[in-house]
Amino acid sequence: MRFLLTSISEGKADEALYAEMGRFIEELTAAGVLLATGGMEVEGSLITSKGGEITVVDGPFTEAREVAGGFALIEVRSREEALELSRRFFRIVGDAEGRMQQIFG
């Protein structure tokens, strides 16, 4: 089962957080669980399709705190395993919010 995990962090990262996150990423990579990870620009573009018309609005947006800043694509045996990895991730980053969504196909 594949899951896309996204996060919105409220705090500033420091060297200790980067080191701990690096170890976590290395562990998941070695286990073959982590397929991809990375940071994302906060601004981005909002694309809307309505009534056959496509609208593109470039950021930054006033509610930037609601925009994902990072992601991880994982492959695990169950939703419970994905949730446990998510819990471990958020224990590292501290105050944050995220979303976990299963990827089909």
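Keep in mind it's a predicted model, so treat the numbers as computed, not measured.

J.: Help me out: how do you make sense of the pattern of salt bridges in this one?
T.: Within the structure shown, the criterion is met by five salt bridges. Among the ionic pairs, E81 bridges to R77, the shortest N-O distance being 3.7 Å. For R77, a relative accessible area of 72% gives the class exposed. The salt bridge involving R87 is made with E84; its shortest N-O contact spans 3.9 Å. Residue R87 and its partner E84 are both found in helix α2 (residues 79–93); the two are separated by three residues, about one turn of the helix. Among the charged side chains, a salt-bridge network with shared partners connects E84, R87 and R91.

J.: Could you clarify how one ought to interpret the side chain of S86 in this entry?
T.: You can see S86 is positioned in helix α2. Apart from the residues lying within four places of it in its own chain, the contact partners of S86 are L5 and M100.

Reading the values: rules and limits
Residues numbered from 1 in each chain as written. Predicted model: local features only at pLDDT ≥ 70, side-chain atom pairs only at ≥ 80, totals over all residues. Heavy atoms only, no water. Salt bridge = Lys/Arg side-chain N within 4 Å of Asp/Glu carboxyl O. Buried < 20%, exposed > 50% of the residue type's maximum accessible area, 1.4 Å probe, protein only. Helix = DSSP H or I, 4+ residues; strand = E, 2+ residues; numbered from the N terminus. Contact = heavy atoms within 4.5 Å.

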